[in-house]
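Structure at a glance
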Amino acid sequence: MTHPLLDLTPLTAAHFANIERRVAALLSTAQDVVITQGEALLPLEGCIRGVAGPDTTALNVITGPYGQTFGDWLRDCGARVVDLAVPYDSAVSAAQVAEALAEHPETSFVSLVHAEAATGNTNPVAEIGRVVREHGALFMVDAVASVGAEPLLPDAWGVDLCVIGAQKAMGGPAGVSAVSVSERAWQRMAANPRAPRRSYLSLLDWKERWIDAGRTALLHAPAQLEMVALQACVERIEDEGLETVIGRHTRAAAATRAGVKALGGGFAPYVREARHAAPVATTLRAPEGVDASELVARALAADPVLPLVAGGGALAKEMIRVNHYGTAAAGSTVHSCLSALGAALTDLTGRSVDPDAARRAATAAWERPAG
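Sequence order as written defines the numbering, with residues in each chain counted from 1. Where totals are concerned, whole chains, interfaces and linings use all residues; where local detail is concerned, this predicted model gives features only for residues with pLDDT of at least 70, and gives and counts side-chain atom pairs only at 80 or more. For the side-chain quantities, the full set of heavy atoms in the structure was used; hydrogens and water were omitted.

What about the sheet that holds strand β4 (residues 109-113)?
- Strands are labelled as partners when DSSP assigns at least two bridges between them. Each helix corresponds to a stretch of at least 4 residues labelled H or I by DSSP, and each strand to a stretch of at least 2 residues labelled E; elements are numbered beginning at the N terminus. In spatial order, the strands read β1-β9-β8-β7-β4-β2-β3; together these 7 strands make up an open sheet with mixed pairing. Edge positions in the sheet fall to β1 (32-36) and β3 (80-85), since each of these pairs with one other strand and no more. Strand after strand, the sheet turns through a mean of 15° between neighbouring axes, direction not considered.
- In terms of strand pairing, β1 meets strand β9 (residues 177-181) through 5 bridges, oriented antiparallel. Working convention: axes come from line fits to C-alpha atoms, limited for helices to the stretch in contact. Angles between N-to-C directions cover 0 to 180 degrees.

So, the UniProt feature "domain: Aminotransferase class V" (unreviewed entry) in the protein chain
- UniProt positions are given in the numbering used here, feature names are shortened, and annotations may be inferred rather than shown by experiment. The feature "domain: Aminotransferase class V" (unreviewed entry), as given by UniProt, occupies residues 74-266 in the numbering adopted here.
- The span residues 74-266 is 41% helical and 16% strand by assignment, and the distance between its end C-alpha atoms comes to 40 Å.

Here we look at the packing of aromatic side chains
- Planes of paired rings set the category: under 30 degrees apart is stacked, over 60 is edge-to-face and the rest tilted, where pairs are Phe, Tyr or Trp rings (Trp by its six-membered ring) whose centres lie within 6.5 Å. If you walk through the whole model with that rule in mind, you get 4 aromatic pairs.
- With a centroid separation of 5.5 Å and 80° between ring planes, the pair formed by F16 and W210 is classed as edge-to-face. Taken together, the residues span a long stretch of sequence, with F16 in helix α1 (residues 13-26) and W210 in helix α7 (residues 203-211) at a distance of 194 residues.
- In this scheme, a residue with accessible area under 20% of its type's maximum is buried, one over 50% is exposed, and one in between is partly exposed, where area comes from a 1.4 Å probe on protein chains only. Judged by relative accessible area, W210 falls into the buried class, the value being 0%.
- Three or more aromatic residues link up through ring pairs in this structure, and these residues are F16, W206 and W210.

Structural notes on the side chain of H104
- The residue H104 is located in the loop between α4 (94-103) and β4 in this model.
- For H104, a relative accessible area of 17% gives the class buried.
- Pairs of residues are marked as contacts when any of their non-hydrogen atoms sit within 4.5 Å. Setting aside residues up to four positions removed in sequence, H104 forms contacts with R80, V82 and H135.

Written as structure tokens, this is what we have:
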């Protein structure tokens, strides 16, 4: 008996290469794009292990949990790591990066997360890219949460290694990811004796055995379902228009931020300044004296499909995240989340909220023209 998820036509090298080209077009990049057969942590680690070694001094910007992970990988490679950490409720500035590079002129690698879905902030990659390029360092950006939610132009911004995943704003699968690689980054990997070879972490294998060989033979059996799903989500973005997709995320973030301020009850945006808030997800501070994880659990008990989650780790008691990305970047999703959080707070504490005011404020923000 056939099954639509099992009996697929084999994915050819030409089909795989065509999906790569469409991903490259989504990023407006002329750089090589490698689609990696795994979640985005795979190419992120592959990038770092490919370019870093004991002779590397790295500036690692920490605006959330993934920056901490990058620092651990860099140290494991033997690199000297300078961590530039800023509060999770803000963003790093190009001036801060420039100051750190001036203090450590030997820096040859900079790592940064564009948008931190876990903490709800976003960083000015275009401005930082200019600073990094003037310094001459290699620049790696984790754009997993930003692609599709806000502008992302690796070539124009001087990004040498730009890693994306499809599972957030793109509305696609989690089991496949991609990285655009500049010629400078390829040269750094080729000169690094510690770069992985014959390994799932090896980007050089893809360069030498796939790209340089004319993309005629795949390195290994592709993750076929994920590749087909990646193609489908790229096609959906192409049909809707990338600017329209980005606009939905921008409006969802603005509506959530405006709505939660009007809701009352002690809720507040976690990221203090709107210009530092990521369009992919909005983080909220739970009302004083209220456990965020309990509040989210109560809201989800009433509506389990809402894209609500409590913060991770130490933030579990104080942060609520509204994941308005992909198809959830919609006004109806924002209204449902605000209503559920308000009802959960009243149910738990008896505090009054104003859901009608929240709806009006969210609607006004959603309908407001961009800019």
